[in-house]
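# Architecture and fold: a report
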Amino acid sequence: FNECDNLFRTNFCLQVKASPGYPKRVLSGIQPTGSLHLGNYLGAIKKWVHLQDSGDEAFYSIADLHAITVPQDPRNLRTGILEMTASLLACGIDPEKCVLFQQSKVLYHTQLCWVLASFTTMAKLGQQAQLREKREILQELSTALYLYPVLQAADILLYKATHVPVGEDQISHLNLASFIARGFNKRFGDTFPIPHPFINEDSSRRLKSLRNPLSKMSKSDNDPRSRINLCDSPEEILLKCKKAVTDCSSAVEYDPEKRPGISNLLVIHSSLTGKTIDTICQEAAGMETGNYKITMATEIIEVLRPIRERFHELIKEPAYLEDVLETGASRASACARETWQEVSKRIGIDTS
Ligand code: ATP
């Protein structure tokens, strides 16, 4: 394990208390709204692979129902679902070891969301910080955006997930899911384990935009030069690294307060290669920033090569990708059906 993995293991052990009486089960998801970038890989997907490989029961969803809470072009969405599937497989997600599925193919998500929404007040939903952010970007908010955290609660509770790896920005949603689970259990009897979030990234290692090192690297940033995607060609990676914003000093040193640009490049380089930042700085001693960017790009290109090549093989096989999603949906549905039947009995509608 490199430094990053060790940190994750420590956080994991410290922050997660298993719910007594329930088997350990991991659930996480990602929206199919753009290419996976280095931040997604290092902050989330690498950990997903680790969890699946350590033998934990894991459910990973391609969260298309969440994606449509803001406007999407239908053609891009369909392509995005297949591309996300290919990217996850290329990163090492193995459908034999985990359940990888498209959220909308398991109809119980929306059914349970409706039930949970019936017990959740608007006052509770209106408090979500992410709504305030969306309000700044969108002229009008869909009703579904208000329900977003309830759907997320349904995603988790449907599988009786005990462990939910999330980014820092999702913690409030996870707290709401725990609140909803407690409320339901109190009113209708013990049904759901209380899901425990664990933060799957160290905030000092949260990757920043290559164009603005004060904001995070993000799929939805309008400037494609702000992020390195896992499937970028070597030429694109080299160009993006060369154009990454740094400052007028040419020394390669880590000082996130005073020199956020070069420090961000060092974090990216270190997180991806497993070398410590000190080692990289020693190797770059006497080198100017411009030359360091080329060295860094060369190493990134090599580390990403197997993922990139596998992605390009997989994306040529849409039938295989559809098959993976179909199998995943039927395995997820079998588990979700049991919970739904239990819930429907408890609330008195009994759909069995
Ligand atoms: P969007 O711009 O659509 O919100 P995003 O790129 O910010 O997308 P998400 O889909 O919100 O990514 O996040 C998926 C997971 O990837 C998060 O839970 C988080 O753990 C991780 N992640 C996203 N961006 C970063 C980043 N810059 N650094 C580290 N981890 C990140």
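Worth saying up front: this structure is predicted, and the values here are computed from it rather than measured.

### Quick word on the pairing of strand β2 (residues 57–62)
In terms of residue burial, β2 counts as a mostly covered element, since five of its six residues are buried. Pairing of strand β1 (residues 25–30) with β2, which is carried by six bridges, proceeds in the parallel orientation. What sits directly across from leucine 27, in β2, is phenylalanine 59. In this region the chain leaves β1, passes through helix α2 (residues 38–53) and returns to the parallel neighbour β2; the handedness of that crossover is right-handed. Relative to strand β3 (residues 99–102), β2 runs parallel, the two sharing four bridges. In the sheet register, tyrosine 60 faces β3, and the bridge partner there is leucine 100.

### Structural notes on the packing of aromatic side chains
Applying the stated rule across the entire model yields seven aromatic pairs. Measuring from ring centre to ring centre gives 4.7 Å for phenylalanine 184 and phenylalanine 188, while their planes differ by 45°; the resulting arrangement is tilted. Linking phenylalanine 184 with phenylalanine 188, this pair stays in helix α9 (residues 171–188), spanning four residues, or about one helical turn. Geometrically, the ring pair formed by phenylalanine 184 and phenylalanine 192 is tilted, given 5.1 Å between the ring centres and 55° between the ring planes. Judged by its relative accessible area of 1%, phenylalanine 192 falls in the buried class. Connected via pairs of aromatic rings, a cluster forms that spans Phe119, Phe184, Phe188 and Phe192. In this structure, lysine 124 packs its charged tip against the face of phenylalanine 179, placed 4.1 Å from the ring centre.

### Quick word on the confidence of the model for the protein chain
Per-residue confidence for the protein chain gives a mean pLDDT of 91, with 93% of residues at or over 70. Here residues 1–16 is a poorly scored stretch, pLDDT under 50, and it has 26 contacts once near neighbours within four places are set aside; other chains count. Both scores are available for the predicted complex, with the pTM at 0.90 and the ipTM at 0.95.

### Some remarks on the pattern of salt bridges
One pass over the full model with this rule turns up 18 salt bridges. For lysine 97, the salt bridge is made with aspartate 53, and the minimal N-O distance between the two is 3.0 Å. Of this pair, lysine 97 sits in the loop between α4 (74–91) and β3 while aspartate 53 is found in helix α2, placing the two residues 44 residues apart along the sequence. Its salt-bridge partner being arginine 259, residue glutamate 253 comes within 3.1 Å of it at the nearest N-O pair. Judged by relative accessible area, arginine 259 falls into the buried class, the value being 5%. In this structure, a network of salt bridges that share partners links the residues Lys160, Glu342 and Arg346.

### Some thoughts on the environment of aspartate 221
Inspection of the secondary structure puts aspartate 221 in the loop between β5 (196–199) and α10 (234–243). The class for aspartate 221 is partly exposed, based on a relative accessible area of 24%. C-alpha of aspartate 221 to C-alpha of threonine 33: the two residues are 188 residues apart in sequence and 11 Å apart in space. Leave out the neighbours within four places in its chain, and aspartate 221 touches Ser209, Ser226 and Arg227. Of the polar contacts made by the side chain of aspartate 221, one reaches the backbone nitrogen of aspartate 223; its length is 2.9 Å.

### Quick look at the nonpolar core
Formed by 59 residues in total, the largest nonpolar core has its most connected members in Ile45 and Leu88. Those residues in contact with leucine 88, other than ones at most four positions away along the chain, are Ile30, Leu36, Ile45, Trp48, Ile62, Ile93 and Leu100. Counting 39 residues, the second-largest nonpolar core is a separate cluster that includes Phe101, Leu116, Val164 and Phe192.

### Some thoughts on the site of the ligand
Residues in close proximity to the ligand total 16 residues, the closest being His37, Lys216, Ser218, Lys219 and Ser220. Within the backbone of glycine 43, a nitrogen or oxygen atom sits 3.4 Å from an oxygen atom of the ligand. Interatomic distance of 2.5 Å between a side-chain N/O atom of serine 218 and an oxygen atom of the ligand. Relative to its free-state accessible area of 590 Å², the ligand is covered by the protein chains to the extent of 84%. Tallied by class, the residues present in the shell around the ligand amount to four nonpolar, eight polar and four charged.

Rules and cut-offs
Residues numbered from 1 in each chain as written. Predicted model: local features only at pLDDT ≥ 70, side-chain atom pairs only at ≥ 80, totals over all residues. Heavy atoms only, no water. Buried < 20%, exposed > 50% of the residue type's maximum accessible area, 1.4 Å probe, protein only. Helix = DSSP H or I, 4+ residues; strand = E, 2+ residues; numbered from the N terminus. Pairing = 2+ DSSP bridges. Right-handed = clockwise from strand over helix to strand, strands pointing away. Phe/Tyr/Trp six-rings, centres within 6.5 Å; stacked < 30°, edge-to-face > 60°. Lys NZ or Arg CZ within 6 Å of the ring centre and 35° of its normal. pLDDT = per-residue confidence, 0-100. Contact = heavy atoms within 4.5 Å. Salt bridge = Lys/Arg side-chain N within 4 Å of Asp/Glu carboxyl O. Polar contact = N/O pair within 3.5 Å; in protein donor to acceptor, adjacent residues only side chain to side chain. Core = buried A, V, L, I, M, F, W, Y, C linked by side-chain atoms within 4.5 Å. Near = heavy atom within 4 Å. Areas by Shrake-Rupley, 256 points an atom, 1.4 Å probe, with all protein chains shown as cover. Nonpolar A, V, L, I, M, F, W, Y, C, P; charged D, E, K, R; others polar.

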